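In case you want the letters, here they are:
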2 protein chains.
Amino acid sequence: MKRETCDLVIRGGSVFNVFTGETERADVAVADGVIVGIGRGYAAKAEYDAAGKVLLPGFTDAHMHVESTMLTPEEFARLAVPHGTCAIVADPHELVNVCGVQGAEYLAEAFSRLRAGDIQPLDVLMQLPSCVPATPFETSGARLDARATLQELEKPAFFGLGEMMNYPGVIAGDADTLAKLEAAKTLGKIVDGHAPGVTGDALNAYLAAGVATDHESLSADEVCEKLARGMYVQIRCGSSANNAAVCAPLMTAENYTRFLLCSDDKHAADLMERGHIDDALAQLVALGVPALRAVRAATLNVAECYSLRGHGAIAPGYVADMVAVDDVTNFHVGAVWKRGVLTAEGGRALFSAQPYLPAAVRDTVRVGKVTAQSFCIGAKSSRLRAMYVLPNELVTEQVVLNVQRRGGDIVLPEDVCKLAVVERHFAGGGIGLGLVKGYGFRGGALGISLSHDSHNLVVLGDDNAAMARVVELLKEAGGGMALVGKDKEEVFPLDVAGLMSSAPAADVASGTARISRHAREMGVREGYDPFMTLAFLALPVIPHLKLTDRGLFDVDAFLPVPLEADA
Amino acid sequence: MKRETCDLVIRGGSVFNVFTGETERADVAVADGVIVGIGRGYAAKAEYDAAGKVLLPGFTDAHMHVESTMLTPEEFARLAVPHGTCAIVADPHELVNVCGVQGAEYLAEAFSRLRAGDIQPLDVLMQLPSCVPATPFETSGARLDARATLQELEKPAFFGLGEMMNYPGVIAGDADTLAKLEAAKTLGKIVDGHAPGVTGDALNAYLAAGVATDHESLSADEVCEKLARGMYVQIRCGSSANNAAVCAPLMTAENYTRFLLCSDDKHAADLMERGHIDDALAQLVALGVPALRAVRAATLNVAECYSLRGHGAIAPGYVADMVAVDDVTNFHVGAVWKRGVLTAEGGRALFSAQPYLPAAVRDTVRVGKVTAQSFCIGAKSSRLRAMYVLPNELVTEQVVLNVQRRGGDIVLPEDVCKLAVVERHFAGGGIGLGLVKGYGFRGGALGISLSHDSHNLVVLGDDNAAMARVVELLKEAGGGMALVGKDKEEVFPLDVAGLMSSAPAADVASGTARISRHAREMGVREGYDPFMTLAFLALPVIPHLKLTDRGLFDVDAFLPVPLEADA
């Protein structure tokens, strides 16, 4: 009513209205973090000149794993907020697999220590991971069964249940899995989904169990079926997977309120070079999606899906999360406000961080005694199974090799390396051994402590001593990427739970690029990311042959198999 | 997954998909009250042949006062459910003004005693009335200040805060009023609105205080402004007010998800003759609204507005509230299911009711000693203010009459009656006296115990003794409509809180029609409803001159005024 002076007025901009799709030349007045007026003639303690800019509601990433950036929450926020991100729905699946619920608590606390004025510049809706461990055939750092899930989910700190990747369990009616969904339903908390290729009766069953969203469709038909069956479809614009081109033509006047935007997994370099949700918006509009439909997928639709009343629009009574962009074509972000506080301008974050690295996420690499001997393959047969990784994919084919056995070990054939998954949570001494063909690497070993979803150490090499040294380096660094050659050793530490780096984002981008380049120089073929491809060779939910700390795993049969092909 | 036999399968119908606007020939399978499958080949304990029918999600009335039907909850449900109503957002504003929170508890309990199989056939989202009393210038049966509001709203029984009619208080920043809104915000509960003619800065202020919905717009421009400022617009299709024609042309592809349907106030006879939300849907479609937009306003949009996850659609995991209609033009309802239980078929309700009339809502008419003498007007001047009711409106004009004073009373001029508002909650003896010109009634008195919003007795007549007798009759009946002529007396009891009748719906419709006809025969002019027009003469928030139990009230000045025009 203009009876009092507001805290902030943003003058001269065009307000993009997500309720009508229209744009209105008006000032926006803010008090106590809430939009109190849209119009003219407001007096305020602070003013911002938004002439020539379009004001949008702050963006929300509807589903992401902060861990995939390999950055601390602080560094991630410094990159994302200047791109207009005001909130994220975070599923700390990786951290919790390593550190248990303390991993999620670390994430929440680190974000809560960010400060722009009196406020936290990035809202985090924390999902409790639903699949820890991802499968019963490997050793992860924690275990959340249905009882623990109910107990944790009762905490206000958890907004909902994270992506239910165990869709086979849901569809098969696995009791513990259904009990987790029942816990969420009882508590009135939302459940995110993950259901690649799930359609027909299986989709009905998955949805009847209470899952609300999905970001894993494999085709346009699958997207349409999921929409028709009531799922919110999260359009994934991540570093590897990108569904924008598939989804854009499917957004109609009838269904567009049911799409959300998410990044799922996005790397630091991508965030730096291309941006975050702003980039996803530009992609959609470039693909022909009307601006209203695109913007709603990053704003009001998310608020509707997650029942966030008072979020997702520029309107009186709504939380004053706003983004000033040049236009609704390129979505170039000029300024960002969180609860009426300017949190970024011209690409620079305007908030402080208190570095936070609690003991729970440090020194998490605990391995038993490992020597060169540990990597000897004492096979009972000369016909051994090996993985062949399809270039540019995560899928492996199984091949059978004839090898020569010698001195309790084998002689590696041409272009074959050993692969080891070393249990690293309890120093239990578990090591799974296998063979990889076609990777191209030679003359030493390389390894990484980040490996989906149990995050044991994955080490590849053609030299037992080098492989042991890689384990040693990873242990000393508290996790990371390590490389050992004839006369060289290199490690890039991922000292936060073995998953993320405490270094600044630019150093993470350059450091990971450098060690990857050096690994490539040791022969890793194009089509493989030297380290990240490794990280997926231990994920026993992607076909066809994978390796865990307990040995080889036939994903199709969903059973362990021995190394010996004829056993 | 068809591994088990379902409870119900509805076969052969066309499923209307509110997510896509498409219609799909498919069977719908239900188990444990939830839709578990859409497709073919389901085995079920019970089957329903829906060949040739269109299946819609159950309808919700987004805002209504059950009291306006003058029916008990049981009787209302018997009328509404066969028309496809599966849920209502109820604001028991009238009951609570008479009985306090016990009035709302009565409503909830009466609905909860309805039983179709194991389930309650009609969901009731109970709003806590926000404006009890409506103004400080009258005596109502209860008072809910901000503290009491917080205390009551904390109860799970209350879904949200009912329509905030005191919009002047909100806009002026009245502390107690804002504290009520603050209570709702703190508890995360929704606030319904009521803001006729509120636009511009006043609308900004009203919304900034946290109101979510509105059903009182006076023009298309006002509807558009409210939509643009983020309000959900409830299209009111009631017995008196009907905004369908105004709103229908405003529903666009961009904004249609922000409209809801409601009845607000609908009488028993209308419910019997025209229906409920089904009628509103038919009206919208007849006005050119595409079926999807109309249906969403009664289903998914309501679920989104009120954060009712798992409601408002026919999809796996959604509550099995469904309606089979002949088509999406006339919306003629054939069958209704609540949580998968058939609750109505062919216009007949298929559920039982346990009559429930607790002491809290009985014998609520408590008046002090009232005699013919009580209605004498001992004016100090012969120039007196009188109300002139504009035909077919609730607004009154003030006129000044020259009257002859005689024996402590006045001689009524031609076509002028006395009007009395008799306090009836605490037998406090308060009587406000005034004059009404132009009503046409002569030869006795008539009166009613239902009068917005404080529900004191309103008695009109030209004979003091008859007026006293009307009060006596209303007291004896525990409330109602009463008429006293030369040689006749008639009363239609409203024995539930003086607002509603415990009689069957058909008897209420015929009984109220009969006594109204008899009143009309005593001269009440066309353009006035003999009793219901009276019920609004005591409502001091509608311009210009009204009467409360404390005397005349100038609504424009928002102050009491004396009867004497020159005082």
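Residues numbered from 1 in each chain as written. Chains lettered and ligands numbered in written order. Predicted model: local features only at pLDDT ≥ 70, side-chain atom pairs only at ≥ 80, totals over all residues. Heavy atoms only, no water.

Regarding the interface of chain B and chain A
Where we set the bar: Contact criterion: two residues are considered in contact whenever any of their non-hydrogen atoms come within 4.5 Å of each other. When two parts are brought into contact, each loses some accessible area as probed by a 1.4 Å sphere; the total of that loss over both is the buried area. The term salt bridge refers to a pairing of a side-chain nitrogen on Lys or Arg with a carboxyl oxygen on Asp or Glu at a separation within 4 Å. Distance and chemistry together define a polar contact, namely a pair of N or O atoms within 3.5 Å, with one atom able to donate a hydrogen and the other to accept it when in protein, and with adjacent residues in sequence counting only for side-chain atoms on both sides. By the criteria applied, helices consist of DSSP H or I runs no shorter than four residues and strands consist of E runs no shorter than two, each listed in order from the N terminus.
The interface is formed by 47 residues belonging to chain B together with 47 residues belonging to chain A. Carbon and sulfur atoms supply 46% of the area buried between chain B and chain A, which totals about 3600 Å² over both sides. Of all residues in chain B, F19, R229 and R309 of chain B bury the most surface against chain A, accounting for 18% of the area lost on that side. Between the two partners, chain B and chain A, sit six salt bridges. When the shortest N-O distance is used, the salt bridge between E24 of chain A and R229 of chain B registers 2.9 Å. Here chain B and chain A share 18 residue pairs in polar contact (both at pLDDT 80 or more) between them. Those elements that place two or more of their residues in the side of chain B that touches chain A are β5 (34-39), α5 (167-172), α7 (200-208), α8 (220-228), α12 (291-298) and α13 (300-305) of chain B.

Focus: the pairing of strand β15 (residues 259-262) of chain A
All names here are of chain A. Put simply, the rule reads: Accessible area is worked out with a 1.4 Å probe on protein chains only. A residue is then buried under 20% of its type maximum, exposed over 50%, and partly exposed in between. Here, any two strands with at least 2 DSSP bridges between them count as paired.
Both faces of β15 are covered, namely the face carrying F259 and L261 and the face carrying L260 and C262. Relative to β15, strand β14 (residues 232-236) runs parallel, the two being bridged by four bridges. Looking at β15, one finds that R236 is bridged to C262.

Details of the nonpolar core
Selection rule: Think of a nonpolar core as a cluster: buried Ala, Val, Leu, Ile, Met, Phe, Trp, Tyr and Cys residues, connected wherever their side-chain atoms sit within 4.5 Å.
Counting 171 residues, the largest nonpolar core has F76, F259 and L261 of chain B as its most contacted members. Take this core: its biggest share by element is seven residues, from helix α14 (residues 464-477) of chain B. When neighbours within four sequence positions are excluded, F259 of chain B is seen to be in contact with V223, L227, V233, I235, C247, L250, M251, A297 and N301 of chain B. Listed in part, the 169 residues of the second largest apolar core include L56, F76, I377 and V421 of chain A.

Some points on the environment of D415 of chain B
Residue and element names in this part refer to chain B. With respect to the helices, strands and loops of the structure, D415 is situated in the loop between β23 (409-411) and β24 (416-422). Separated by 303 residues in sequence, D415 and S112 place their C-alpha atoms 49 Å apart. When residues no more than four places from it in sequence are discounted, the contact partners of D415 are V436, K437, G438, Y439, G440 and R525. Within the local environment of D415, its side chain forms a polar contact with the side chain of R525, the two groups lying 2.8 Å apart.

Re the relation of the copies chain B and chain A
Stated precisely, the cut-off is as follows: Fitting of the copies onto one another was done by least squares over C-alpha atoms, counting residues only where both copies have pLDDT of at least 70.
Of the transformation superimposing chain B on chain A, the axial component is 0.0 Å and the angular component is 180 degrees, with the fit at an RMSD of 0.1 Å. Within this description, the copies of the chain are treated as partners about a two-fold rotation axis.

Brief notes about the sheet that holds strand β5 (residues 34-39) of chain A
Residue and element names in this part refer to chain A. The condition that has to hold: Between N-to-C directions, angles cover 0 to 180 degrees, with each direction set by a line fitted to C-alpha atoms, over the stretch in contact for helices.
Overall, mixed pairing links the four strands, which are arranged β5-β4-β1-β6 in an open sheet. The strands lining the two open edges of the sheet, one partner per strand, are β5 and β6 (44-49). Neighbour-to-neighbour, the strand axes of the sheet open up by a mean angle of 20 degrees, direction not taken into account. Bridging between strand β1 (residues 6-11) and strand β4 (residues 27-31) involves three bridges; their strand directions are antiparallel.

Examining unusual backbone geometry
Of the consecutive residues V132 of chain A and P133 of chain A, the connecting peptide bond is found in the cis state with omega at -5 degrees. Relative to the elements of secondary structure, P133 of chain A occurs in the loop between β10 (123-128) and α4 (146-153). Following P543 of chain B, the chain continues to H544 of chain B via a peptide bond in cis, the omega torsion being 0 degrees. The topology assignment puts H544 of chain B in the loop between α16 (532-536) and β30 (545-548). The residue A427 of chain A is not glycine, and still its phi comes out positive at about 50 degrees. Structurally, A427 of chain A is set in the loop between β24 (416-422) and β25 (431-437).

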